[in-house]
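Survey of secondary and tertiary structure
Each chain is listed here by its residues.
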Amino acid sequence: MADGKILTINMGPHHPATHGVLRLVLELDGETIVKVTPHIGHLHRGIEKLAENMNYQQVIPLTDRFDYTAASLNNLGYCTAVEKLLGIEVPKRAQYIRVIMSELARIMGHHLWIGSHALDIGAMTVVFYAFRDREMIMNMVEEVSGYRLTPSYMRVGGLARDITPEFIKCLREFIKWFPTAVAGYNTLLTDNIIWRKRTMDIGVISAEEAVNYGLTGPSLRGSGVPYDLRKVKPYSSYDDFDFKVPVGAKGDVYDRYLVRMEEFIQSLNIIEQALENLPEGPVNVDNPLIFNPQIDDVQKDISALIRRFKIQCQGPVIPEGEIYHAVEGSKGELGFYLVGDGSESPYRMKVRSPCFILVSALEKLMLGHMIADAIAIIGSIDIVLGEIDR
Amino acid sequence: MVTLTIDGKEVTVPQGTTILEAARSVDIRIPTLCYHDRLNPIGSCRMCVVEIEGYTHPMAACTTPVDDGIEVVTSSERLTRIRQDSLKLILVNHPLDCPVCDKGGECLLQDLTFEFGIDQLEYQAAKVERDSQYASPLIRYWPDRCIMCLRCVTACQEIKGIGAISIAGDGYGAQVVTVDADKCQSCGECLQVCPTGALTEDLSRYKGRTWLIERVPTTCTYCGCGCQLELNVQNDRIIAVTTKDGVGINKGSLCVKGRFGYEFVNSDERLTKPLIKRDGKFEEASWDEALDLVAEKFSAIKGEYGPGAIGGLTSARCTNEENYLFQKFMRAAIGTNNVDHCARL
């Protein structure tokens, strides 16, 4: 405003461009942002506390509800953390299928990001194409798990069931089709002059600052830091696959956009390799203390029946100990800190949510920009409130 | 005193202690199935086998007394295999009853099978189907589920001193039978010690599962003994009465009334309103009406025949406070010393 008065406005929690129930209190000098105060917690469900009263397998559906745009990645993080605590390794086939499901989830998460991000800035067409392709993945996820958004397909010790031939058929079609689709997104946005003007030199964060803020995932890589847990600390056989970690140069909204666009292709690359080299064998660890026996055995063998009874009614017992294990989520480093006390439920489960940390950097990214750019910046860090609030 | 080593830990215990007791005194756990704190060692299940330095064969820890200087190992690969095999042999004839068994979820056999990670039986045996039968009208015996640990027989003999049940037959045909039905008091001592679902209470059969019920500790009101018991409550209804081993004056025992006499609590036939007899028929009345009538009659009797004509009988099921109030009322309000109670129910 001309007289230099500060105007405080409220954005959210019902604002469609805050990607959920994020509430920002913006203080404006004219149209320039001078202060940003994020208010979170509107979606708090107490998942970490709930987990303390559930057995280890029952926690898996809760993890779907962190970053629900890429639910399988949360399953992977949780299951691998518990397995690490138990000191078991799932069979190679299960690891490969987990990789396929996780990378599909990453693509799904990025689909939602590109759709809503472009829509927020005014490019309406992209969301339709993104959701057209997301639907293909949804159908595949439904084929193997029975659910579309929250599959809960992984289990501590393996998978709920093996993949089906129908799934493999659909996946091959998808692999064939998807590069064309990504080229389509590129045509719509990458060289689009409006898109470039809205995103270049907006929300710049240098590599050093990004590291200091604790940013991870594409938001960190957009600033040029090649930190990807799949490379740095491989889990679930990620070291078997050949893929690149795309990085940006400047760390603006446009760089973060480019990184994610390249991740579409890299994820597809990983899926293709995993599918071609998919080993044969069981998908569940052969450990009577963890995993349910086959249903045929249960109906004729008393020891299998008892085992199933105990695992279903009581749950697997996890030894005392604590563990921190992180996976590369679609938004960044998704870490699980688990404390086991020798009972059937975790004594404590703490989730290191990448989005929670991304939100803390919002003010840094937004200061000095126009209010319209706030929308572009929120879209570019790709936050999901289900994960921030938990 | 005797000093021995258990798993590298030096233990000093009195002569005559068993290895199992010595191990428990220093918090070393040896898995057991037939052993029960209140019973003399039975030694039928072979779960508690331990290795003793210098002995070729593993020994049962529950029946072997300690000796000076022996070295005991309580867990090794060999012992685990022996324990697993013992369990497998027990399981060979066990029916697939866990989903319907009342003991499911708090069954010692289940716990041990799960703990020792038995996931497949290599042994096969011809299935012998036997119908469940009533050990007493209140206790049902399931021969198929019975693992022949002999806890029930020993408890009947040692704790109760009755000896109403015993083992009949041998091999696969062996089962627990009632030797003398007249002797059995249906006290449920055998129920209390049964580690599996071979003996179940017939009143609460199929009514609730262990993880759905809430166990409310309370004191039995039947007599002045004051046994500690737990009411098993599901959906605000008592579905069974159990007691914890080693708790209270009764230490895990109950009598037939304490264990089975709970159905009155939720009975539809309980009086909820006072009744007054008018023209030979009981009619519902309000408390004011009823109390007025009683007071009137008492006053009339007292006026006509004196307070000595009135006596009060109270109940052993009332609390001390209620009984105190009752005698106070008789002595102070009525003015009589004719107070007594039924001593037991």
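Residues numbered from 1 in each chain as written. Chains lettered and ligands numbered in written order. Predicted model: local features only at pLDDT ≥ 70, side-chain atom pairs only at ≥ 80, totals over all residues. Heavy atoms only, no water.

**Describing the packing of aromatic side chains**
All names here are of chain A. For the structure shown, the criterion picks out 14 aromatic pairs over all chains. Geometrically, the ring pair formed by phenylalanine 178 and phenylalanine 264 is edge-to-face, given 5.6 Å between the ring centres and 75 degrees between the ring planes. With phenylalanine 178 in helix 6 (residues 165-189) and phenylalanine 264 in helix 11 (residues 253-276), the pair connects residues that are 86 residues apart, well separated along the chain. Residue phenylalanine 264 is classed as buried on the basis of its relative accessible area of 0%. Relative to phenylalanine 241, the ring of tyrosine 238 lies with its centre 6.4 Å away and its plane at 80 degrees, an arrangement referred to as edge-to-face. The buried category is assigned to tyrosine 238, whose relative accessible area is 1%. An aromatic cluster is defined as three or more aromatic residues linked by ring pairs; in this entry it consists of Tyr96, Tyr235, Tyr238, Phe241 and Phe243. Directly above the ring of phenylalanine 131 sits arginine 134, whose terminal nitrogen or CZ lies 5.5 Å from the centroid. Against the face of phenylalanine 243 rests lysine 231, its NZ or CZ located 4.2 Å from the ring centre. (Phe/Tyr/Trp six-rings, centres within 6.5 Å; stacked < 30°, edge-to-face > 60°. Helix = DSSP H or I, 4+ residues; strand = E, 2+ residues; numbered from the N terminus. Buried < 20%, exposed > 50% of the residue type's maximum accessible area, 1.4 Å probe, protein only. Lys NZ or Arg CZ within 6 Å of the ring centre and 35° of its normal.)

**A short note on the sheet that holds strand 13 (residues 237-242) of chain B**
All names here are of chain B. Overall, antiparallel pairing links the three strands, which are arranged 11-12-13 in an open sheet. The open sheet is flanked by strand 11 (214-219) and strand 13, the only strands paired with a single partner. Neighbour-to-neighbour, the strand axes of this sheet turn through a mean angle of 35 degrees, independent of strand direction. Pairing geometry for strand 11 and strand 12 (residues 228-234), over six bridges, is antiparallel. By the bridge assignment for strand 12, valine 216 is matched with leucine 231. (Pairing = 2+ DSSP bridges. Axes fitted to C-alpha atoms, helices over the stretch in contact; angles between N-to-C directions.)

**Some thoughts on the domain arrangement of chain B**
For chain B, the domain assignment lists domain 1 (2-75) and domain 2 (306-345). Just the C-alpha atoms count here: the centres of domain 1 of chain B and domain 2 of chain B sit 56 Å apart. (Domains from an automatic or database assignment.)

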